[in-house]
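A closer look at the structure
Listed below, chain by chain, are the residues.
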Amino acid sequence: MKTIEDFQNYYENDLRPSLEILDGERKSSLRNAGLAGTLITFVILGVVGWMLTSGLPPTYMLFAAVGGGVLAFGAFVLFTKDFKSNFKNTIIRQVIAYVSEDLSYAPTGMISRSEFQSSTLFKNRIDRYKGEDLVDGKVGKTKIRFSELHAEYKTTTTDSKGHRHTTWHTIFKGLFFVADFNKHFQGRTVVLPDSAEKFLGRLGKKLQEWNVSRDDLVKMEDVEFEKEFVVYGTDQIEARYILSPALMRRILEFKRKMKVPVHIGFVNANLYMAMNIKKNMFEPRILRTILDFDLVREYLEDVMLAVGIVEEMNLNTRIWTKE
Amino acid sequence: MIWILVGIGVVILVVVFGMYNGLIGKKNSVENAFASIDTILKKRYDLIPNLVAAVKQYMEHERGLLENVTALRAKATSGNISSDEAITLNNEINKTMGGIMVAVESYPELKANENFKDLQRSLNEVEEQLSAARRSFNAAVTDFNNAVEMFPTNIMAGMMNYKRRKLFEIPEVERVNPDVKTLFA
């Protein structure tokens, strides 16, 4: 078992040298972005000045200011892009390698859209799908994969003047985790956060029974679990075979620790877990120094959170026929 | 006026039919769940001869246990036994199998045997499925019992002569989970 002291040593000996080089890169990219920003500001000021003397309407000036803002932001993204990708490729990669040599990392990779949909955790139509920071590999006997994902759908409305407005709605944003489950099964079982029962009690449960977009409701005997989650499945016995009393407890404890909504699906021999984590994980910071142990430690904690699911859900216990 | 009465009559009929069908549905799912337990029990019966064959050559001193479990299995698969008898028989089988698994501890060669390991995995799986089937059965019975005792379906249930059903209780000895660590140590 690795301790925090081990990681401190690793930080001092292996990460610190790379971090120092990268911090130089960070400073110079920030300087370049600053220069570009100043240049853009002067140009815009010049343009606005010319507009004032030539007597153009004030709306034009507003356009110029907004255009300048967009340009400045673009310059910032452009100048810091290389630093970000270098950072991920060295530091995040090293942190993941520290956790386990059996894990590989792809900064721009993601869990595929078809896999996300096959989990059946979210039923909405997907119009925009993004993701990054894919980690893939093995923890003990269990194959795992996880990445950040953001799936959205859009609605378009036309107002009285005929202008079309498109609004994007988030279906899921956070960490999406896939692991090879330790028991064989054929059907489909999903565990979703329970909102109806929490507020409506027995009536809510009745309503869940009539939910046509889902499979049959599976009523679990664990009262606390039932309060937090609702289970739907294609097979009553299989759902209980998968969700043993022990696993229900583990899921409940995990949910309480995470303090965010958790969706879990058991489909295609896999366990899928979607956690609505708000922060953007594995991102470097740009405005402040990266020579900071606590920053790197946070990356480690984020990786451990995902990798730890194997332990939390007891997936390495392979005492059933599935190896 | 007459239409209002007809309307009320129709509503009452719909409610009555709904309760009637709902109760029958619940009774059937109880029976269905019990049948599933039976299916999994059969799966376990099928594994017993394999287990006996696998351990026979190693276990000289536990012949009694092996003969016992074979006899119990024969009785259980002979057909025409009531469900109560089936449950008692299975509790017996559980105890004997537990005894065999404890005895396995003193045969390191047997524990290392790949075939035996596979068999043990299959047995674990059947046990887990059995527990799942029991829990499904209990969930179905609870649902049924709620309908039998709660107003207004209890009136209908009374007319249909439906009575509370018993949950599938697991005897105290059985409730001890198999200690995986010692099994695989």
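Use the structure listed above.
The text that follows walks through the structure, step by step, so that each part is easy to find. (Residues numbered from 1 in each chain as written. Chains lettered and ligands numbered in written order. Predicted model: local features only at pLDDT ≥ 70, side-chain atom pairs only at ≥ 80, totals over all residues. Heavy atoms only, no water.)

Regarding the overall build of chain A
How we decide: Note on conventions: DSSP H or I runs of at least 4 residues are helices, E runs of at least 2 residues are strands, and numbering of each starts at the N terminus. Every radius of gyration here is taken over C-alpha atoms, with the globule rule written as 2.2 Å times N^0.38, N being the number of residues. Accessibility here uses a 1.4 Å probe with only protein chains present; expressed as a share of the type maximum, an area under 20% marks a residue as buried, one over 50% as exposed, and anything in between as partly exposed. Contacts between residues were defined by any pair of non-hydrogen atoms, one from each residue, lying within 4.5 Å. To measure how exposed things are, a 1.4 Å probe is used in the Shrake-Rupley method; for residues, cover is taken only from the protein chains shown.
A tally of regular secondary structure across chain A gives 9 helices and 9 strands. Against the 2.2 N^0.38 benchmark of 20 Å for 323 residues, chain A shows a C-alpha radius of gyration of 25 Å, more extended than a compact globule. Projecting the C-alpha coordinates of chain A onto the three principal axes gives extents of approximately 80 × 65 × 30 Å. For chain A, with 323 residues in total, the buried portion stands at 46%. Considering only contacts within chain A whose residues lie at least 6 apart along the sequence, 68% involve residues at least 24 apart. Put simply, chain A shows about 16800 Å² of open surface, and 58% of that area lies on carbon and sulfur atoms.

Quick word on the packing of helix α1 (residues 2-56) of chain B against helix α5 (residues 114-149) of chain B
Residue and element names in this part refer to chain B. Filter applied, for reference: Only C-alpha atoms enter the line fits that serve as axes; for helices the fit covers just the stretch in contact. Angles between N-to-C directions range over 0 to 180 degrees. The cut-offs work like this: below 35 degrees is roughly parallel, past 145 is roughly antiparallel, 65 to 115 is roughly perpendicular, and the gaps in between are oblique. A clockwise turn of the near helix away from the far one marks a right-handed crossing, whereas an anticlockwise turn of less than a right angle marks a left-handed crossing. In the scheme used here, Gly and all other residues not listed as nonpolar or charged are polar, with Ala, Val, Leu, Ile, Met, Phe, Trp, Tyr, Cys and Pro taken as nonpolar and Asp, Glu, Lys and Arg as charged.
The geometry of α1 relative to α5 is characterised by a closest axis approach of 9 Å and an angle of 165 degrees between their N-to-C directions. Put simply, α1 runs roughly antiparallel to α5. Of the two possible hands of crossing, α1 and α5 adopt the one that is left-handed. Split into classes, the residues belonging to the contact of α1 with α5 amount to 22 nonpolar, 5 polar and 7 charged.

Considerations on unusual backbone geometry
The omega torsion of the bond from Phe151(B) to Pro152(B) falls at 5 degrees, within 30 degrees of zero and hence cis. With respect to the helices, strands and loops of the structure, Pro152(B) is situated in the loop between α5 and α6 (153-159). Non-glycine residue Thr120(A) carries a positive phi angle of around 55 degrees. Along the polypeptide, Thr120(A) turns up in the loop between α3 (113-118) and β2 (128-139). The phi angle at Asn314(A) is positive, at roughly 60 degrees, despite the residue not being glycine. When you line up the elements, Asn314(A) lands in the segment after α9 (293-312).

A look at the layout of surface pockets
As a reminder, the rule being used: With a 1 Å grid laid over protein atoms only, a set of points is called a cavity when a 1.4 Å probe fits there but cannot get out and a pocket when it is open yet has protein on both sides within 12 Å along at least five of seven lines; lining residues have an atom within 4 Å of a point. Grid points are joined across faces, edges and corners, and a volume is the space filled by probe spheres set on the points.
The computed volume of the second largest pocket comes to approximately 730 Å³. Taken together, 27 residues form the lining of the second largest pocket, with Arg202(A), Lys205(A), Lys219(A), Asp143(B) and Asn146(B) sitting closest to its centre. Going through the elements one at a time, α5 (202-209) and α6 (223-228) of chain A together with α1 and α5 of chain B are the ones with two or more residues in the lining of the second largest pocket. Looking at the lining of the second largest pocket element by element, the count peaks at 7 residues for α5(B). Along the lines of polarity and charge, the residues of the lining of the second largest pocket split into 8 nonpolar, 7 polar and 12 charged.

What about the interface of chain B and chain A?
To be explicit about the condition: The term buried area denotes the loss of accessible surface (1.4 Å probe radius) that occurs when two parts are joined, taken as the sum for both partners. Here, a salt bridge means any side-chain nitrogen of Lys or Arg that lies within 4 Å of a carboxyl oxygen of Asp or Glu. The term polar contact refers here to a pair of N or O atoms within 3.5 Å; inside protein, the definition further demands a hydrogen-donor-capable atom paired with an acceptor-capable atom, and it admits residues adjacent in sequence only when both atoms are side-chain atoms.
Each partner contributes residues to the interface: chain B has 17 residues there, and chain A has 20 residues. A per-residue breakdown of the area chain B buries against chain A is headed by Arg121(B), Glu128(B) and Arg135(B), which together make up 42% of the total. Counting the contacts that link chain B with chain A gives 3 salt bridges. In this structure, the salt-bridge partner of Glu128(B) is Lys183(A), at a minimum N-O distance of 2.7 Å. The tally of links from chain B across to chain A stands at 10 residue pairs in polar contact (both at pLDDT 80 or more). Elements with a contribution of two residues or more to the side of chain B that touches chain A: α1, α5 and α7 (180-184) of chain B. Here the element with the most residues in the side of chain B that touches chain A is α5(B); it accounts for 12 residues. Class assignment for the residues of the side of chain B that touches chain A results in 7 nonpolar, 5 polar and 5 charged.

Examining the environment of Glu169(B)
With respect to the helices and strands, Glu169(B) occurs in the loop between α6 and α7. Distance in space between the C-alpha atoms of Glu169(B) and Asn138(B) is 8.9 Å, their sequence separation being 31 residues.

Structural notes on empty space enclosed by the protein
Over the atoms, a rolled probe matching the size of one water molecule traces out where space is still vacant. All names here are of chain B. This model, assessed by the stated rule, comprises 1 cavity of 30 Å³ or more. Within the residue set of the lining of the largest cavity, elements represented by two or more residues are α1, α3 (83-104) and α5. Looking at the lining of the largest cavity element by element, the count peaks at 6 residues for α3. Residue classes in the lining of the largest cavity are distributed as 7 nonpolar, 4 polar and 4 charged.

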